[in-house]
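Breakdown of the fold
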Amino acid sequence: MAITGALVCVALATHQSSRLSSLSFTIWVLVFACAGLSFPSLFTSWGGFDLGRSIVPLIQVIMLGMGTTLRMEDFARIARMPFGVLIGIALQFGLMPLGGYAFSKIFGLEPPVALGLILVGSCPGGVSSNVITYIARGNVALSVTMTACSTMISPILTPLAMKVLAGQIIPIDAWAMMVSIVRMILIPVVAGILLNRYAPRATQYSRRWMPLVCMLSICFIIAVTIALSREELLVVGMALLGASICQNAAGFGLAYASSRMVGLNRIDSRTIAIEVGMQNGGMATGLAFDFLHSRIAALAPAVFGPWSAVAGSVLASIWGRQSNARNGEKTSGRYINGRSG
């Protein structure tokens, strides 16, 4: 209780501080994670209603909100920066699933927990990566385009990655997983995009409260997931945290190094590193419940998500200060011969 209370005070303080406000969401995620661990009965059922059943609808609300932040131009932008987007997506669906598989083996995670780590690695980037990229003084346009494109192709690449890697643990029905992703992720995102295009006044009004709704939904999902699997988390928690930290660090580090090796500039490489290292944990949680039917598999995104938010915020602060200090390097909006200049 003391830790949860202290985190609430810190979250309120960061919200009031202009310099620390960017950390507010991260702290609130930690508040709800601690609350789910300390007071599980508050997040398992209300009036006989199993709160685990609320996770998929909440994911759909979050994805709808994400869709209202996207425009058709975000997809058209790939024609202006194809190399960066393609490299980013290749790293997104290559490095992270392999990292989940490798670190689940290294840390000796039990099969259901390992499934969750591979699953979170097989998901696209989330909206939080766009915010972190902004704080890091990265190429926000590239980040938004990567998020949009990786989300739209996730019905194909996520089941494929799971079939290849997680299929060694349990049989994976790729088609059924594709249908689950389309229903839970793609349809709400497309609906949000269409609302943004054909009902701009409504979406402009919704932007006043939709970010808060999405933030609370993510926090609530994490609390419910942790509360439902509290006993298992207390057993595997440290190993899962270690594996998540390594997977996240590998995503940041290897994506940055790989982007530099193929000729991308520093700013775009940082952007891709953030996009690759920060996964859509909400989507992974929803798939764990909706497709894998495993609350234990949902533990990995519940641990990976808060950690990646903390690590991403710290990394963004460091890179942001470095960019301000340099003051000479500008985000490339142009690509020459397929590479950023």
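Refer to the preceding data block for the structure.
Residues numbered from 1 in each chain as written. Predicted model: local features only at pLDDT ≥ 70, side-chain atom pairs only at ≥ 80, totals over all residues. Heavy atoms only, no water.

1. Digging into helix 2 (residues 24–38)
The test is simple: A run of H or I in DSSP becomes a helix once it reaches four residues, and a run of E becomes a strand once it reaches two; helices and strands are each numbered from the N terminus. Expected helix span is computed as 1.5 Å times (number of residues minus one). Burial classes: relative accessible area under 20% of the type maximum marks a residue as buried, over 50% as exposed, and values in between as partly exposed (1.4 Å probe, protein chains only).
In a regular helix each residue adds 1.5 Å, so 15 residues correspond to 21 Å; helix 2 covers 21 Å between its end C-alpha atoms and thus fits that length. Within the span of helix 2, buried status applies to Ser 24, Thr 26, Ile 27, Val 29, Val 31, Phe 32, Ala 33, Ala 35 and Gly 36.

2. Let's talk about the pattern of salt bridges
Side chains that differ in sign of charge can pair as their charged atoms come close. This is how the line gets drawn: For salt bridges, the criterion is a side-chain nitrogen of Lys or Arg within 4 Å of an Asp or Glu carboxyl oxygen.
On inspection of all chains with the given rule, the structure shows three salt bridges. Arg 183 is paired through a salt bridge with Asp 290; the nearest N and O atoms lie 2.5 Å apart. One end of the pair, Arg 183, is in helix 9 (residues 174–198); the other, Asp 290, is in helix 14 (residues 281–290), with 107 residues separating them in the sequence. Using a relative accessible area of 36% as the deciding quantity, one classes Arg 183 as partly exposed.

3. Topic: the packing of helix 3 (residues 55–68) against helix 11 (residues 210–228)
Basically, it comes down to this: To obtain each axis, a line is fitted to C-alpha atoms, and for helices this fit is confined to the stretch in contact; angles are then taken between N-to-C directions over 0 to 180 degrees. When an angle is under 35 degrees it counts as roughly parallel; over 145 it counts as roughly antiparallel; between 65 and 115 it counts as roughly perpendicular; any other value is oblique. Handedness of a crossing follows from how the near helix is turned relative to the far one, being left-handed for an anticlockwise turn of less than a right angle and right-handed for a clockwise one. Note on definitions: a residue-residue contact is assigned when non-hydrogen atoms from the two residues lie within 4.5 Å. Classification convention: Asp, Glu, Lys, Arg as charged; Ala, Val, Leu, Ile, Met, Phe, Trp, Tyr, Cys, Pro as nonpolar; all other residues, Gly among them, as polar.
Look at helix 3 against helix 11: their axes get within 9 Å of each other, and the N-to-C directions meet at 150°. The angle between helix 3 and helix 11 places the two elements in the roughly antiparallel class. Regarding helix 3 and helix 11, the two cross each other, and that crossing is left-handed. Touching Ile 55, Leu 58, Ile 59, Val 61, Ile 62 and Gly 65 of helix 3 are Met 210, Val 213, Cys 214, Ser 217, Ile 218, Phe 220, Ile 221, Val 224 and Thr 225, all from helix 11. Of the residues belonging to the contact of helix 3 with helix 11, the class tally is twelve nonpolar, three polar and no charged.

Take it as geometry only, folks, not as evidence of what the structure does.
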